[in-house]
Amino acid sequence: MFHPNRFRIMGPLAAALLGLAAFGAQAQSVTSLVVAFPPGGPADSLARVVATQLEKELKQTVVVENKPGGNGAIAASQVARARPDGQTLFLSSVGAISINPALYPKLIYDPAKDFAPVSLLVSTPEVLIVGPGSPSKTAKDFVARAKSQKGVTMASSGVGSMPHMAIVQLKLSTQANVLHVPYKGAAPAITDTIGGQVDGFIGDISGLMSNIKAGKVKALAIAAPKRSRLLPDVPTFDELGVPNVYANNWYGLFAPKNTPADKIASLNAAVQKVMSSPELKAYADASGVELSPTTPQEFGDMIAEDTKKWGDLIRAEGITANE
């Protein structure tokens, strides 16, 4: 028998069920931003300011997931296995993408095959620092000491790190006597540079600005083609007659490889807006990084160039992960 009241009852019920379904879908609309570094460092601080602004553009929650370990391999493999729907992104430095393939013969991921470039985010030039008690008052002093019979010791944040690559470039350019001292991370390397246990350290400007401003270390030279706007009095290595010391520890955004092209394009458009926001400009002004958004194609081309550059250097110098 036909019961018109049944449809009057079912109408609100159906609407409620549809509402719950929509709420469930919205609740699942969470983007994970996977970072290969622990909380508190430059990569983590960048990820968090980007995530906050990306939420506004994507109209959904963006959660930062810290997955340190394995020189970026843990984070990279997680993203490589993720569903290619744009809901899982990888914020990586150059190391996991362009250095690891030559450094580790058996990686558990393949940067070229597992990821789709979304956009470069920031460029982070490297800067040479010494402790407050160092006899080297200028970069020329430091290079002269390095060329002496005694030579110098230089810390890095680990074998294959960008600071290590910069040290190798400096050594090759000057033919100096440099002993590389790898640490497990930048923090202990900086601590021992301040204390005088090592003669110098080359590191990300963003991770060193607080110590430079506080006078705990002295910046001597920039490993970039131009001076930093935050350290206008610090010369480049080029200016000192030391060519080919260019170390850019960039950070960029990636999606799993088979993410649809239209999704990559929409993510890139969102990133472009994020990088032009006042919040990102303030972050850049405070940290010394350069905001450097690109198209996916431009970022991919840069990755290919860096992979060849650092791969050639690692192979030519016989650098291994067990060094």
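Above this note sits the structure.
In this text, all values refer to a predicted model and were calculated from it rather than measured experimentally. (Residues numbered from 1 in each chain as written. Predicted model: local features only at pLDDT ≥ 70, side-chain atom pairs only at ≥ 80, totals over all residues. Heavy atoms only, no water.)

S.K.: What is the right way to look at the sheet that holds strand E3 (residues 88-93) in this model?
M.R.: If you trace the 6 strands from one edge of the open sheet to the other, you get E2-E1-E3-E10-E4-E11, paired in mixed fashion. In the strand order of this sheet, the two ends are held by strand E2 (61-66) and strand E11 (290-291), each with one partner. Pairing analysis gives 4 bridges linking E3 to strand E10 (residues 251-256), with the strands arranged antiparallel. Paired with Ser-92 across the bridge in E10 is Gly-252. Contacts between helix H2 (residues 42-58) and the sheet are confined to strand E1 (30-35), E2, E3, strand E4 (115-123) and E10, with E2 contributing the most and set at about 165° to the helix. (Pairing = 2+ DSSP bridges. Helix = DSSP H or I, 4+ residues; strand = E, 2+ residues; numbered from the N terminus. Contact = heavy atoms within 4.5 Å. Axes fitted to C-alpha atoms, helices over the stretch in contact; angles between N-to-C directions.)

S.K.: How do you make sense of the side chain of Asn-268 when you look at a structure like this?
M.R.: Along the chain, the position of Asn-268 falls in helix H10 (residues 261-275). Residues within four places of Asn-268 in sequence aside, it is in contact with Val-118, Ser-119, Thr-294, Thr-295 and Pro-296.

S.K.: Just to check I follow, could you spell out the pattern of salt bridges for this structure?
M.R.: Close approach of charged atoms allows side chains of opposite charge to pair. Counted according to the given criterion, the structure contains 7 salt bridges. Note that Arg-145 is salt-bridged to Asp-199, the shortest N-O span being 3.6 Å. With Arg-145 in helix H6 (residues 139-147) and Asp-199 in the loop between helix H8 (186-195) and strand E8 (200-204), this pair connects stretches of sequence that are 54 residues apart. Two residues, Asp-285 and Arg-229, come together in a salt bridge whose shortest N-O distance is 3.8 Å. Taken together, the residues Asp-285 in helix H11 (residues 278-287) and Arg-229 in the loop between strand E9 (218-223) and E10 connect sequence positions 56 residues apart. (Salt bridge = Lys/Arg side-chain N within 4 Å of Asp/Glu carboxyl O.)

S.K.: How should the packing of aromatic side chains be read in this particular structure?
M.R.: Two measures describe an aromatic ring pair: the distance that separates the ring centres and the angle between the ring planes. Evaluated as defined, the whole model comprises 7 aromatic pairs. Seen from their ring centres, Phe-90 and Phe-115 are 5.4 Å apart, and the 40° between their planes marks the pair as tilted. Of this pair, Phe-90 sits in strand E3 while Phe-115 sits in strand E4, placing them 25 residues apart in sequence. Phe-115 matches Phe-90 in its accessibility class, with the two residues each being buried. Note on Phe-90 and Phe-254: the rings are 6.3 Å apart at their centroids and 45° apart in plane angle, and the pair reads as tilted. Here Phe-90, found in strand E3, pairs with Phe-254, found in strand E10; they are 164 residues apart in sequence, far enough to count as distant. For the pair Phe-90 and Phe-254, one class covers both residues: buried. (Phe/Tyr/Trp six-rings, centres within 6.5 Å; stacked < 30°, edge-to-face > 60°. Buried < 20%, exposed > 50% of the residue type's maximum accessible area, 1.4 Å probe, protein only.)

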